[in-house]
Amino acid sequence: MKIIGITGTLGAGKGTIVDYLINHYGFKHYSVRGYLIEEALKRGMELNRDTYVVVANDLRATYGPSYITDQLYLQAAANGTDAVIESVRTPGEVESLRKHEHFMLFGVDADPKIRYERVVNRASETDQISFETFIENEQREMSSNDPNHQNIGKCMQMADHVFVNNGDFQELFQQVEQVLGNISPDDK
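This structure is a prediction, so every number in the text was calculated from the model and none was measured.

Caption draft 1: View of the sheet that holds strand E3 (residues 83-86). The strand order across the open sheet built from five strands is E2-E3-E1-E4-E5, with neighbouring strands paired in parallel fashion. Two strands close off the open sheet at either side, each with one partner strand: strand E2 (28-31) and strand E5 (161-164). Each strand axis lies, on average, 25° off the axis of its neighbour in the sheet, ignoring direction. In terms of strand pairing, E2 meets E3 through four bridges, oriented parallel. Counted as the bridge partner of serine 31 is glutamate 86 from E3.

In C-alpha cells form, the structure reads like this:
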C-alpha cells in the first residue's frame, strides 16, 4: 500500500493533484476536511473554515498532533489500497505518517493572487472571502509553535516534493508525472 500525503497553501491545487492520483493511478482519497465536517456535524457546529480549524485544533489537543491523519491512515490501511491523504497540516502528522512504509509527502504552492482567483472561482462554502481575509487565513495557518495547531509552512519544508502550480493543469500534471516517474516501482 502506497500513501501520498498532500500539503500546501490555500488554493494551490491540492485537490487537483488528489483528483489526478485517483483518476490516473486508482488511489483512494481520505480527506481531513471531510473528517472535520463529520465531526463538526456531530457537535452541531456551523460548517465553515473557522469551525474546521477549531475542531481540528481541539482533536489534536485532546488526542495528539497527528490524531486526524492517524484516523485516516487507519481507514486507508483497513481498505488496503493506495491512498492519498489530503490535507496534511501539522509537522506531527508528517512525522506520524513517515513511520509507515511507502509514505511520501507532496507539497503544492502558487502565487497568492492566482490562488485567490482559484479559491473564489471554486465557490465552496468556505471560499467566499475577500483577498485580505484569504491572506489572513493563510498567515494564521502557515506557522505555529503549538504542535496541535496548523503549521503548513513547516509541512511544506518537510515535503519530499514541492510543486509550483502557477500554470495550467497540464503543467501541474507534468510535474507530478516527473516525480512519479522517478520513484521506484515498489514505491510508486
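Caption draft 2: Region of the structure containing the side chain of arginine 60. Following the sequence through the fold, arginine 60 ends up in helix H3 (residues 49-63). Relative accessible area serves as the criterion here: at 1%, arginine 60 is assigned to the buried category. Here the side chain of arginine 60 touches glutamate 93 through a polar contact of 3.1 Å, side chain to side chain. If we ignore the near neighbours within four places in the chain, the residues touching arginine 60 are Pro65, Ile68, Arg89, Thr90, Glu93, Asn148 and Gln150.

Rules behind the numbers
- Residues numbered from 1 in each chain as written.
- Predicted model: local features only at pLDDT ≥ 70, side-chain atom pairs only at ≥ 80, totals over all residues.
- Heavy atoms only, no water.
- Pairing = 2+ DSSP bridges.
- Helix = DSSP H or I, 4+ residues; strand = E, 2+ residues; numbered from the N terminus.
- Axes fitted to C-alpha atoms, helices over the stretch in contact; angles between N-to-C directions.
- Buried < 20%, exposed > 50% of the residue type's maximum accessible area, 1.4 Å probe, protein only.
- Polar contact = N/O pair within 3.5 Å; in protein donor to acceptor, adjacent residues only side chain to side chain.
- Contact = heavy atoms within 4.5 Å.

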